[in-house]
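# A structural walkthrough
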Amino acid sequence: MTDAASDCLFCRIVAGEVPAEIVHTDDHTVAFRDIAPQAPTHVLVIPRAHHRDAAALSASTDGGVDALVRAAVKVAEAEGLGDGYRLVLNTGQDGGQTVFHVHLHLLGGRAMTWPPG
Ligand code: AMP
């Protein structure tokens, strides 16, 4: 499923129907600030096309995973995260995914801990 889903929150952000603080766009991705930030910088990078999770995106043939990572690196540079950052793809129920339009979390601006909760 890659068409915009009318009941998908993140498809509605891509379409401009739901407001978001967008920090980067390109032909394949949109990046916007998380509404409940877990770090000084917390940006979600999403494909414009609807894929429910990382598995669906990786099974597609449009290079979507590369596009997400490339966009996240650009945002990290623009946000001045030269000391490092974390990229997270929560996937499925046990992965803690709550919004089923795949999104890459970019977290930075503080030292991260390990393991994650
Ligand atoms: P996940 O739990 O990995 O599915 O992450 C979903 C993320 O989407 C959470 O960090 C939420 O805070 C974030 N989120 C939910 N609704 C919005 C919204 N309208 N604008 C920005 N971020 C959102």
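This text goes with the structure placed above it.
This is a predicted model, so every value here is computed, not measured.

Helix and strand content of the chain: three helices and five strands. Considering only C-alpha atoms, the chain reaches an extent of 35 × 30 × 25 Å along its principal axes. A sequence separation of at least 24 residues applies to 53% of the contacts in the chain between residues at least 6 apart. A total accessible area of about 6,800 Å² is found for the chain, and carbon and sulfur atoms account for 52% of it.

Let's shift gears to the site of the ligand. Around the ligand lies a shell of 15 residues, among which D34, N90, T98, H103 and H105 are the nearest. For the ligand, an oxygen atom lies 3.0 Å from a polar atom in the backbone of G96. H105 places a side-chain nitrogen or oxygen 2.8 Å from an oxygen atom of the ligand. Placement of the ligand is best described as lying within the largest pocket. Residue assignment for the shell around the ligand shows that the elements contributing at least two residues are α1 (9-14) and β2 (29-33). Along the lines of polarity and charge, the residues of the shell around the ligand split into seven nonpolar, six polar and two charged.

With respect to the helices, strands and loops of the structure, V43 is situated in strand β3 (residues 41-47). We classify V43 as buried; its relative accessible area is 0%. Spatially, the C-alpha atom of V43 lies 14 Å from that of V99, the residues being 56 residues apart in sequence.

In this section: the pattern of salt bridges. Throughout the structure, instances matching the rule amount to four salt bridges. Among the salt bridges present, the one from E79 reaches R33, with a minimum N-O distance of 2.8 Å. You can see E79 sitting in the loop between α3 (64-78) and β4 (85-88) and its partner R33 sitting in strand β2, a full 46 residues away along the chain. Here D53 and R52 are joined by a salt bridge, their closest N and O atoms 4.0 Å apart. Given the relative accessible area of 45%, R52 is considered partly exposed. It is possible to trace a salt-bridge network through shared partners that takes in E21, R33 and E79.

With that out of the way, let us pick up the layout of surface pockets. Empty space among the atoms becomes apparent when a probe as large as a water molecule is rolled across them. Each pocket or cavity is described by its volume, and for the largest pocket that value is around 770 Å³. Around the largest pocket, the lining is made up of 34 residues, and of these D34, Q38, H42, N90 and H105 lie nearest the centre. Those elements that place two or more of their residues in the lining of the largest pocket are α1, β2, β3, β4 and β5 (104-108). At three residues, α1 tops the list of elements feeding residues into the lining of the largest pocket. Class assignment of the residues belonging to the lining of the largest pocket gives a composition of 17 nonpolar, eleven polar and six charged.

Cut-offs used in this document
Residues numbered from 1 in each chain as written. Predicted model: local features only at pLDDT ≥ 70, side-chain atom pairs only at ≥ 80, totals over all residues. Heavy atoms only, no water. Helix = DSSP H or I, 4+ residues; strand = E, 2+ residues; numbered from the N terminus. Contact = heavy atoms within 4.5 Å. Areas by Shrake-Rupley, 256 points an atom, 1.4 Å probe, with all protein chains shown as cover. Near = heavy atom within 4 Å. Polar contact = N/O pair within 3.5 Å; in protein donor to acceptor, adjacent residues only side chain to side chain. 1 Å grid on protein atoms, 1.4 Å probe; cavity = no way out; pocket = protein on both sides within 12 Å on 5 of 7 lines; lining within 4 Å. Sits in = over half its atoms within 2 Å of the grid points. Nonpolar A, V, L, I, M, F, W, Y, C, P; charged D, E, K, R; others polar. Buried < 20%, exposed > 50% of the residue type's maximum accessible area, 1.4 Å probe, protein only. Salt bridge = Lys/Arg side-chain N within 4 Å of Asp/Glu carboxyl O. Points joined across faces, edges and corners; volume = space filled by probe spheres on them.

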